[in-house]
Each structure stands twice: as structure tokens, then as C-alpha cells.
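Structural overview
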Amino acid sequence: MYIDIEVNNKTIHAKKGDTILEALRENGIYVPTLCNLSEFSPTGACRLCVVEVEGKERLVTACSYPIEEWLRIRTHSPRVIEARRMIVELLLSNHPEDCLYCERNNKCELQKLAQELNLRERRITGKKNRGKLDLSSPGLVYEPAKCVLCGRCVRVCEGKERVSTLEFTGKGNFTSISTTMKKDLNFSNCLHCGQCILVCPTGALQEKSYFEPIQEALSKENVTVVAQYSPSVAVSLADGFNMRSGKDMSGLINSALRKIGFDKIFDNSFGTDVYLIEEAAELANRMDKEENLPMLSSSCPAWIKYMEQAHPDLLSFISTVKSPEQLTGSLIKQYCLDSEDRANNDIFTVAIVPCPAKKFEAQREEMTNKGISDIDAVMTTHELARLIQLYGIDIENIDPEESDKPFNISSSSAKLPAAIGGTSEALLRTINYNLTNKDLSSAKISKLRGSKEMKQTKLIIEDRTINVISVSPIANIEKLVDEIRKNDSEYQYIEVMACPGGCVNGGGQPVLKNIKNLRDRIKAVQNIDEKSSQRFAHRNTGAWRFIEEKFEKPYSETALKILHTHYSKRDVLL
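Scope of this entry: the structure provided in the associated data block. Note that this is a predicted model, so its numbers are computed, not measured.

Quick look at the overall build of the chain
Assigned secondary structure in the chain consists of 18 helices and 19 strands. Scaling as 2.2 N^0.38, a compact globule of 574 residues should have a C-alpha radius of gyration of about 25 Å, and the chain matches this with 25 Å. The C-alpha extent of the chain, read off along each of the three principal axes, is 80 × 55 × 50 Å. Within the chain, contacts between residues at least 6 apart in sequence are counted, and of these 72% link residues at least 24 apart.

Written out as C-alpha cells, the structure is:
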């Protein structure tokens, strides 16, 4: 039901039950806010969304005030603007003055507000914020001096990832956001997913950069520098250059990386095909033995860490296949490039990925071979955009190029895991072939597509029923975990991703402007699949030839040593 309200002397239609802020946004009227997140109930903490309502003595917060019939609202009256200016000035009074060196320079919401409100001089001075710079995490950096106490990170960490790593501590002027017992991030239960980075309005939370070792490796003549990038990176990078959202940048990424100086560039879709073939064989083996079912996906390192610390008794249910990035790293170092001095790491591999959790994954002991890491450095999509700009590459005016052999051939199934539901869809295609020796009549499985956070479908293959469900973010998994523990699960396979929507919305991706950006990225991945002439991982002859030459067959003893890993209970401060 819609009702009429008056905003700035004009009548607009508003949905009954909405807040003033929601009604204004629906009608294209901008009101600033720092604390509001559309998926969560409003708090009114930042007070920046205040508006004048006729009949009310005080300004009201638009994010929490419900719509009433014939409200008369003024969104930008002198009184309102002065109130907002005062709030921003108070925030700036103790904020660090290092905008030129800040990670979020020109993309900082506080900076943007100051510009919008025409703040050109400092009228209020205060004692600058202080706080210990936390560099302990392999994926994140926390700089509390830049925190404006909006609480977004706290709400996302608790509401979406169900770990509550960050929390408000102290009272009054001594309020801050920190981890449990104010310990460093590396001692906390942080998943390194980076969702807090995406919602942080300033540079208080940011990715940990590994630019220096990458640039050092690029400058050495005796080191072969290899880059591999995930399919989710290819459909998200365009947003970092204000190009059409969802544009497939694969060919341009290959070209840009060669111009920067990388010796070999691989699209890890080849490795993803190997991952899918291997995981399908593992699932078939478990179904034959009727043990450790449902099998849980292993491609998301944030999800893996969550299970290690929250549900270690269920680790045997997780697939042992390495994530596509780590699997590709293993293949590159052990089979694809000859090394003259491997002990001194003359092959330097860089993974370009969608989230900081992959940085944490790369330094895990389980992802090494004889003390040598499968992946030496990790960059996110956001960092790749910065690297391209740093080296002066005009990404819009270069010609696309192919990736290098032997990983230049892949199926479109390997693109699908970039979005939630994609791994399940690609896996079912190969499982069906393994059990019937035939391809699915229709490769597209509609129930596993779209942008919903939970998707499920059932595939009947001869006398077997394979029930799968795909879930994101982690907050949606608890009921399924309880069912597994009670041996009461109806599923054979469960795909889990920590980031809402999957890797296309990872913590290292360009920040989404709106939900349409996310849908564009998901649609781009699915369009690549629908336009492809090769849609099945098991039809990738290059991947099969590689598996047969190196491992004899999927899930062989040799494959288990190289392509699989294990996980253990992780003790952290909860």
C-alpha cells in the first residue's frame, strides 16, 4: 500500500511501512548516512540522515523514522545542512590528516561528505585518534585511528559471517571497535573474508598489500614471474575502471599483465576444470562407500577456517580437493615450468583473487611442498586495478590477448564457481557423466542460478538421487550444520561461500555501487557459460590429458598427494 507524503514541497508516493530514508531513496532523493546498511535494521547512530519533519521540535533520523500519511519533510533545509556539517566537522576533528597516503583516498565516504557539505576549513580541533596499527593478519590491516564508529563492520561480521570478530568496547569518549580482549586479528576468529572492508566508509579496514615482493620479483632477471587469475576477477575488474559492470576482461588482463612484465599468465579456469573433475570423483567415491556425506565444498578458504574453529568435529565432511587457486599453483610449480634453482624460488607465482582470505590460504602450511609455497604472493581484484594504474597501462585502449599454454583451454563450467550455485551446477554436469557416460540434455540448471542466497535442486541419475544446496553467506549454514551433526541431512553435496553472492562479491573486489552491480557480475558469468561451445569440465581434453599423464586418473594416490590436502582444528579467541 502506498501513501502520499510531502518532501521539499512536492508530493511523492511512499510505501507504507518503509522508513523516511527508504522512501526518499525510492524516489531518487539523496540523504547521506554513514551507519546505515540496507540489509540490517537501522540504528540512527551517525545522525547524518537527519531531516526536518513538520510538527517535530527536533530533527529526526530518516533511517529509523517510519512513514506516516502526509508527512511534511525538508531534507536540505539550512537547519539540516548545518547539523550535518557539525557532525562531519566533529568526525574530522580527531581524524588523521593523511588523505593523500590513505588507501581510500578519493573513495572515502567521510571525504566525500566533507566535499558535499563544502567544508573548506577546520573550525574544530581535537586530539587525534590513536590506536595500534594491526598488521598481524595475512589478509587485512586494521587502522583504528581512522575508525568513525559507524558500526558497519560489527554488523556485517555478526550478521552475515556469524563470527563476531569485531565488537564495540569501552564507553563514551573511550568507545572503540576491536577484537575479543583487544587481541590482534591473527589471534582472533577472523575469517579474512574482507566483507568488513567493503562496508568500511574510511580506510580503517583495508587489504594487506604484497606489492613490494611482487615488484621485486618482476625486477629480477633470473626469476620467472607467473600470474594466475580467477574467473570472478575477470568479470569484476571493469568496475575498478568505471567500465561496463560485468564486462569480461580476461583478454585485457592477459595483455596488461604482459606489459607489466609477467613472464607467464594463466587463467585458472583450467585448474578449476581439474578441481571439478577431481571433486566429482571424490563425491562419487563417498556415495559408493556411503560415508562422510554430505560432502562440503572446499573452494572458499574463509568457509574452511570457519569450520576449523567453529565445527572441527565435522572437518571430515569437507572435500579434500585444494581450492582452484591453490591447485593451479601446485600444477604450475610442479609440472608446468622447469626450475633451475627451486630452493631459491626462481619461479615466483602470483594469484589474483577475489578476497583477502586467499592470502591467508596461501600461507597455510598445508599449501606448501617441501617448504616451498604453491603460491608466493596474492593480489585481489582491487589491487590488480591499482597495479595496472601504477604501471601506466591504459586498460581501455589495449588489445586483448590469449593466456599461455598449457592452461589456455577450459570449459565454461570453470567460470560458474565465481557465483554461488555455480560450483554445484558444474559439479552435477560431471557427476551425471561419470554415472551415465552421457552429458545432461540441458547443461543449464536454472534452480542454481540467480542472486538468491540459498539455492537447491535435485538430480535423479538412474537409480540415484543427488540433492544439492548452495548457500551464502555463512550465517545461513547453521541449520544445515546441525542436521549434519544429527546425521539428518537430506543432501549429498553442500556448496558454501562466505561472501553474499559468491566470489563475484568477495572482499577484494571493487566496492559495489548497488545490488545491480552484483547481478551484472553474476549474469556475466552465466552468459559466458550459455554462449560457450564447451560447457562441461569433463569435456576439457587438455585437463583430462594432464590428469592421465601426471596422475593416471582422478582421485588416484598420486592425485591425492598433489591435488588434495587436509584440515585441522584451529584454536582461536572467540
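What to know about the sheet that holds strand β1 (residues 2–7)
Within the open sheet, the five strands sit side by side as β2-β1-β5-β3-β4. Their pairing is mixed. What marks the edges here is a single partner per strand, and that holds for β2 (10–15) and β4 (60–61). In this structure, strand β3 (residues 50–53) lies alongside strand β5 (residues 72–74), joined through two bridges in antiparallel fashion. Paired with V53 across the bridge in β5 is I73. Along the sheet, helix α2 (residues 78–93) makes contact with β3 and β5, crossing β3 at roughly 155°.

Observations regarding the side chain of S93
Tracing the chain through its elements places S93 in helix α2. By relative accessible area, S93 is classed as buried at 7%. Within polar-contact distance, the side chain of S93 engages the backbone oxygen of L90 at 2.6 Å. The residues touching S93, leaving out its near neighbours within four places in the chain, are R122, I124, T125, G126 and K128.

Considerations on the packing of aromatic side chains
According to the stated counting rule, one finds seven aromatic pairs in the structure shown. Aromatic pair W303 and Y306: ring centres 6.2 Å apart, planes at 25°, arrangement stacked. On the criterion of helical spacing, the pair formed by W303 and Y306 is a turn pair, its members being three residues apart in helix α10 (residues 301–310). Here W303 matches Y306 in class, with each residue buried. Geometrically, the ring pair formed by F407 and F546 is edge-to-face, given 6.2 Å between the ring centres and 65° between the ring planes. Here F546 lies in helix α17 (residues 541–551) and F407 lies in the loop between α13 (381–390) and α14 (422–436), a separation of 139 residues in the sequence. On the basis of relative accessible area, F407 is assigned to the buried category, the value being 2%. Look at F546 and you get buried, because its relative accessible area is 9%. Of the aromatic side chains, those joined through ring pairs into one cluster are F266, F270, Y335, F407, F546 and F551. Positioned over the ring face of F360 is K305, at 5.9 Å from the centre of the ring.

So, the packing of α2 against helix α3 (residues 109–116)
Two elements in contact, α2 and α3, have axes separated by 10 Å at closest approach and are oriented at 135°. Taken together, the axis directions place α2 and α3 in an arrangement best described as oblique. As α2 runs across α3, the sense of the crossing is left-handed. Two secondary-structure elements touch here, α2 through V88, L91 and L92 and α3 through L110, L113 and A114. Class assignment of the residues belonging to the contact of α2 with α3 gives a composition of six nonpolar, no polar and no charged.

Section: the state of the cysteines
Taken as a whole and judged by the stated rule, the model has zero disulfides. For the unlinked cysteine C102, the closest cysteine sulfur is that of C108, found at 6.2 Å. We note that C355 lacks a disulfide partner, and the nearest cysteine sulfur, in C499, lies 5.6 Å from it.

Points about the packing of helix α8 (residues 250–260) against α13
Closest axis-to-axis distance for the α8/α13 pair is 10 Å, and the angle between their directions is 50°. Regarding the angle of α8 to α13, the classification is oblique. Our pair here, α8 against α13, has a crossing hand that is left-handed. Counting all contacts with α8, which are made through I253, A256, L257 and I260, the residues of α13 involved are L384, L387 and I388. Considered class by class, the residues forming the contact of α8 with α13 number seven nonpolar, no polar and no charged.

Notes on α3
Within an α-helix, residues lying three or four positions from one another point in the same direction, as the helix has 3.6 residues per turn. Here α3 has its buried residues at L110, Q111, L113 and A114. Taken down its axis, α3 places every buried residue within 160° of arc, on the same side. Looking at the buried positions of α3, the neighbouring elements they touch are α2. Remark: N118 follows α3 within two positions and exhibits a positive phi of approximately 60°.

Quick notes on the side chain of S178
Of note, S178 is situated in strand β8 (residues 176–178). Exposure remark for S178: the relative accessible area of 9% places this residue in the buried category.

Brief notes about the sheet that holds strand β19 (residues 493–496)
In spatial order, the strands read β12-β19-β18-β17; together these four strands make up an open sheet with mixed pairing. Each having just a single partner strand, β12 (295–296) and β17 (454–461) make up the two edges of the open sheet. In the sheet, β17 pairs with strand β18 (residues 464–471) via eight bridges, with the strands oriented antiparallel. Bridging from a neighbouring strand, K455 pairs with S470 of β18. Along the sheet, α14 contacts β17, β18 and β19; its crossing angle with β18, the most-contacted strand, is approximately 165°.

Structural notes on the pairing of β2
Relative to β2, β1 is paired through six bridges, and the arrangement is antiparallel. Bridge pairing links V7 to K10 in β2. Count of turn residues in the β1/β2 antiparallel hairpin: two residues, of which N8 carries a positive phi of about 50°.

Reading guide: rules and limits
Residues numbered from 1 in each chain as written. Predicted model: local features only at pLDDT ≥ 70, side-chain atom pairs only at ≥ 80, totals over all residues. Heavy atoms only, no water. Helix = DSSP H or I, 4+ residues; strand = E, 2+ residues; numbered from the N terminus. Rg over C-alpha atoms; globule rule 2.2 N^0.38 Å. Contact = heavy atoms within 4.5 Å. Pairing = 2+ DSSP bridges. Axes fitted to C-alpha atoms, helices over the stretch in contact; angles between N-to-C directions. Buried < 20%, exposed > 50% of the residue type's maximum accessible area, 1.4 Å probe, protein only. Polar contact = N/O pair within 3.5 Å; in protein donor to acceptor, adjacent residues only side chain to side chain. Phe/Tyr/Trp six-rings, centres within 6.5 Å; stacked < 30°, edge-to-face > 60°. Lys NZ or Arg CZ within 6 Å of the ring centre and 35° of its normal. Parallel < 35°, antiparallel > 145°, perpendicular 65-115°, else oblique. Left-handed = near helix turned anticlockwise from the far one by under 90°. Nonpolar A, V, L, I, M, F, W, Y, C, P; charged D, E, K, R; others polar. Disulfide = S-S within 2.5 Å. Arc of directions from axis to C-beta.

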